[in-house]
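Notes for the structure review
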Amino acid sequence: MQYSNGITLRCSPEQRLRSKNEWVKAVDVKTGMPAYMSFAEGIFGDQTAFNLDYTAEYRTKKTPTLPKAWTKDLAGLIGYILADGHICRSNYNGKPSKVVLAFGWDDEYLISYFERATNRIFGKSGVRRITKTCLTLEVSGVDIGGCVEQLGAGGLSGDIRVPPNLFCAPENIIAAFLRGYFEGDGHVKNDQISVRSVSLSMLQDVQQLLTLFGIPSSISRGSTDPRGYAPRHTLRIVGDRSKQSFYDRIGFLSARKQEACKKSVTASNEKSPAELLTLPNDLNLGSIKPQLYSAHRDVEQKIPQALSVFMHKFVAGCQTVTLQRAEWIIDSLPNEELRQRISFLDEAVNGQYYEVTIIRVSHEPAVPMYDISVDEEQYIAQGIIV
């Protein structure tokens, strides 16, 4: 099943998915049906250790000590290399000879930041150079280049992926990696936080890491460039609360981008279309209308105009509500019995639902599947509530 935000979910025909307050088997799913991600955070791992091999034929006094575990410095460096860096190879033996990081003309802070980071990691700060198009920081060393390559930051730009063992890392390590990656390839424009790449797989991996923070995102595929360049795909963070979580828990390295991120957060809209939920046909807000009015009457027994307009729209046939409005409704009800009358909204608030739409369903040959058992009724697979 392909979803409107770019996620692909593969499952068995009998797998159940949540849609409009009911469980639907995958075999019965139709295009256009809503499904749900969550603004609630996932479970982070606790693994940081790894083993690396020295790449040089022999060791000398200048051989650096290779890291044995992820640190925030290393994760941020790898993230930035995957965005704005590359590995140069020796013309003599084809081995990685140095790592090159590219920067803008006004990125003095970033250059100094990564000089300090590489010095803490490898005991080497690198050499600054000025090219025709940008500033660079070169960190030479066969073993340093080999370390970066073994950690997954080598290869062509269209083939890069998030290093596999990062998916089992703690929150601070994943946040540092995403911070470095978004600093390199990320943007804040028109109050939207996004990142672009020619590697669709890379963005899909980043999308999965973001779900651990309760940050839903969408991926739009790039079109073919008439000049022959590879299409660039775009990942966008969706929902005002997602932007807030990104700013608070990940953010950018540079003050310029972090300030732009802060402005995008303060420009939040309580009617954000990214947080719209489609209501089930049998949900009747009219059944709690007296209680809502009673909860919000002022000292003169008048009803707030916003509440009156909202109820009028619903009576007139409106079938959507924002998650923020749903939270407001649930908080207005004094007891569990009333909340059960609108159980879908209660469920959406507790699960912090973010709605996506199924845009394509296809059937593939049978393959071995995992059979997962959980204590609760539902869990999250590939970001989707099942």
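Keep in mind that this is a model prediction, so the values were computed, not measured. (Residues numbered from 1 in each chain as written. Predicted model: local features only at pLDDT ≥ 70, side-chain atom pairs only at ≥ 80, totals over all residues. Heavy atoms only, no water.)

Concerning the sheet that holds strand β4 (residues 34-38)
On the basis of which strands lie adjacent, the open sheet formed by three strands has the order β1-β15-β4 and antiparallel pairing. Two strands in the sheet have a free side with no partner beyond their single neighbour: β1 (2-3) and β4. Where β4 meets strand β15 (residues 353-360), five bridges bridge the pair, whose relative direction is antiparallel. Among the inter-strand pairings, Pro 34 is bridged to a residue of β15, identified as Thr 357. (Pairing = 2+ DSSP bridges. Helix = DSSP H or I, 4+ residues; strand = E, 2+ residues; numbered from the N terminus.)

Some points on the sheet that holds strand β6 (residues 96-103)
Adjacent strands of a sheet pair through backbone hydrogen bonds, lying either parallel or antiparallel. With antiparallel pairing, four strands are arranged side by side in an open sheet as β5-β6-β8-β7. Looking along the sheet, the strands with just one partner apiece sit at the ends: β5 (85-89) and β7 (127-130). Each adjacent strand pair in this sheet contributes to an overall mean axis angle of 30 degrees, direction not counted. Relative to strand β8 (residues 135-140), β6 runs antiparallel, the two sharing six bridges. What sits directly across from Ala 102, in β8, is Thr 136. In the packing of helix α2 (residues 108-122) onto the sheet, the strands contacted are β6, β7 and β8, and the crossing angle to β8 comes to about 5 degrees. Set on the sheet, helix α3 (residues 142-153) makes contact with β5, β6 and β8; between it and β6 the angle comes to about 70 degrees. (Axes fitted to C-alpha atoms, helices over the stretch in contact; angles between N-to-C directions. Contact = heavy atoms within 4.5 Å.)

Comments concerning the confidence of the model for the protein chain
Taken as a whole, the protein chain shows an average pLDDT of 89; of its residues, 98% reach a score of 70 or greater. The weakest mean pLDDT in the protein chain belongs to strand β16 (residues 380-381) at 80; the strongest belongs to helix α4 (residues 171-185) at 97. (pLDDT = per-residue confidence, 0-100.)

Some points on the side chain of Asp 73
With respect to the helices, strands and loops of the structure, Asp 73 is situated in helix α1 (residues 72-84). Residues in contact with Asp 73, not counting those within four places in the same chain, are Tyr 113, Ala 117, Arg 120 and Ile 121.

Examining the packing of α4 against helix α5 (residues 200-212)
The interhelical angle for the contact between α4 and α5, taken along N-to-C directions, is 135 degrees, at an axis separation of 11 Å. In terms of axis orientation, α4 runs oblique to α5. Seen along the crossing, α4 lies across α5 with a hand that is left-handed. Side by side, α4 and α5 meet where Ile 174, Phe 177, Leu 178, Tyr 181 and Phe 182 of the first sit next to Met 202, Leu 203, Val 206, Leu 209, Leu 210 and Leu 212 of the second. For the contact of α4 with α5, the class distribution of residues is 11 nonpolar, no polar and no charged. (Parallel < 35°, antiparallel > 145°, perpendicular 65-115°, else oblique. Left-handed = near helix turned anticlockwise from the far one by under 90°. Nonpolar A, V, L, I, M, F, W, Y, C, P; charged D, E, K, R; others polar.)

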